[in-house]
Amino acid sequence: MALNFDTQFDPAYGEAIELAPGVLRLTVNNPGPFTFHGTNSYVIGRDTLAIIDPGPQNDAHYSALLQAIAGRPVSHIFVSHTHRDHSPLACRLARQTGAITAAEGPHRPARPLRIGEINPLDASADTDFAPDLTLQDNSVTAGDGWAIRTILTPGHTANHAVFALDGTGILFSADHVMAWATSIVAPPDGAMADYMASLDRLLECDDKIFLPGHGGPVRNPRAFVRGLKTHRKMRERAIIERLSQGDRTIADMVRAIYRDTDPRLHGAAALSVLAHLEDLVTRGVAATEGAPSIDGIFASA
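So, a few notes on the structure that sits alongside this text. Computed from a predicted structure; not experimentally measured.

The rules we used
Residue positions are given per chain, counted from 1 along the sequence in the order it is written. Local features in this predicted model are restricted to residues of pLDDT 70 or higher, and side-chain atom pairs are both shown and tallied only at a pLDDT of 80 or more, whereas totals for entire chains, interfaces and linings draw on every residue. For side-chain calculations, the full set of non-hydrogen atoms in the structure is used, while hydrogens and water are omitted. To qualify as a nonpolar core, a set must consist of buried Ala, Val, Leu, Ile, Met, Phe, Trp, Tyr and Cys residues joined through side-chain atoms within 4.5 Å. Accessible area is worked out with a 1.4 Å probe on protein chains only. A residue is then buried under 20% of its type maximum, exposed over 50%, and partly exposed in between. Only DSSP runs of H or I covering at least 4 residues are called helices, and only runs of E covering at least 2 are called strands; the numbering of each starts at the N terminus. Residues are treated as being in contact if the distance between any of their heavy atoms lies within 4.5 Å. Helix span is expected to be 1.5 Å times the residue number reduced by one. When DSSP finds two or more bridges between two strands, those strands count as paired. Interaxial angle, 0 to 180 degrees, is taken between N-to-C directions of lines fitted to C-alpha atoms, where a helix line uses only the stretch in contact. We define a salt bridge as a contact between a side-chain nitrogen of Lys or Arg and a carboxyl oxygen of Asp or Glu at a distance within 4 Å.

### Some words on the nonpolar core
L171, V177, Y195, L199, L202, F210 and L228 are the most contacted members of the largest nonpolar core, which totals 21 residues. Within the residue set of this core, elements represented by two or more residues are β10 (161-165), α3 (192-203) and α4 (221-244). Residue contributions to this core peak at six residues, all from α3. Look past the residues within four positions of V177 in its chain and what remains in contact with it is L199, L202, F210, P212, V218, F224, V225 and L228. Listed in part, the 20 residues of the second largest apolar core include L24, L26, L49 and L93.

Structure (structure tokens):
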């Protein structure tokens, strides 16, 4: 089930690293089990700039971004999705620079909460953010010497988007595709069926390199995305196998399937299993009484 992940990455906190002409990366000093070494922000352009994913409220990172901007005008601030490690600094930076904020939309769950359900991901959501510009799928936002194409990729969150820098072969893949780990798909904010469909969208792209929201570049993106699809299908098969072996709860499945995973990630793993089970129940492969839930009892259909 293993993918060849690339965990070699120097975050160079506070420094603007040039990755390509007119493309700088700055990494926030917010490492953790879900953020790896930290969140990547990108500065695009040479004269009038764009920023992608300014990051969390972090004074040191804010100062580093202003230093990288170096007094140049900023026309747009793009936000890939509204997790608190990506979007909160957008409003402060927009006030400072006069830039337009641009994203798919405000934070929302992938499905309505069910009666009695509590969203365990509320603390990670930036519900204060609302973009000035609502980005449509396949729309192009033109700037001074750059053009960014938006590709909507729901799955990790309902409002997730990736951004292709037209004419360069570079795609900013945010948290949808990362070289260091798989993306977390956790209901109700995320949905596995959406995530898999969004992987198919990226297989239609011909970009040569993905620059993600955490960690280093994905250098062979088509092969890597195919590997991610295979990985998810193998997870799905593992869940089906656990059901056939008599596992009935998500906790039992996580103990078996994720036995070699950092225990700090088992809560996220349980939500990932729930995402798969929601999809499997919808497709008639698995069964449960009522709607699938984190503490539900499941069986093969």
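### Focus on α4
The end-to-end C-alpha distance of α4 is 34 Å, a good match for the 34 Å that 24 residues give at a rise of 1.5 Å each. Close packing links the buried residues of α4 with α3, β12 (209-212), α5 (250-257), α6 (266-282), β13 (286-288) and β14 (298-300). G246 lies just past α4 and shows a positive phi near 110 degrees.

### A look at the sheet that holds β12
Strand pairing in a sheet relies on backbone hydrogen bonds. The paired strands run either parallel or antiparallel. An order of β8-β9-β10-β11-β12 is seen for the five strands of this open sheet, with the pairing classed as mixed. Looking along the sheet, the strands with just one partner apiece sit at the ends: β8 (140-142) and β12. Direction aside, the axes of adjacent strands within the sheet are offset by 25 degrees on average. Bridging between β8 and strand β9 (residues 147-152) involves three bridges; their strand directions are antiparallel. Directly across from T141, in β9, lies its bridge partner I148. Contacting β9, β10, β11 (170-174) and β12, α3 runs over the sheet at an angle of about 145 degrees to β9.

### Considerations on the pattern of salt bridges
In total, this model carries 14 salt bridges according to the counting rule given. For R255, the salt bridge identified is with D252, shortest N-O distance 2.4 Å. A residue pair is termed a helical-turn pair when its members lie 3 or 4 positions apart in one helix, as R255 and D252 do in helix α5 at three residues. Residue classification places R255 among the exposed positions, given a relative accessible area of 54%. Judged by relative accessible area, D252 falls into the partly exposed class, the value being 30%. Residues joined by salt bridges that share partners form a network here, namely R111, R114, E117 and E278.

### With respect to unusual backbone geometry
With an omega of 5 degrees, the peptide bond between P187 and P188 qualifies as cis. Structurally, the position occupied by P188 is in the loop between β11 and α3. Positive phi, close to 60 degrees, is recorded for F36, a residue that is not glycine. As for its placement among the helices and strands, F36 is situated in the loop between β2 (23-27) and β3 (40-44). Located in the positive-phi region is A174, a residue other than glycine, with phi close to 50 degrees. Look at A174 and you get buried, because its relative accessible area is 5%.

### Regarding the sheet that holds strand β7 (residues 133-134)
Strand order in the open sheet made by the seven strands is β1-β2-β3-β4-β5-β6-β7, with mixed pairing throughout. Across the chains shown, the open sheet's two edge strands, defined by having one partner strand only, are β1 (17-20) and β7. As judged from the three bridges shared by β1 and β2, these two strands associate in the antiparallel manner. Bridging across to β2, A20 finds its partner in V23. Each of β4 (49-52), β5 (74-78) and β6 (100-103) is contacted by helix α2 (residues 89-97), which is oriented at about 175 degrees to β5, the strand it contacts most.

Interpretation in functional terms is not warranted from these geometric data alone.
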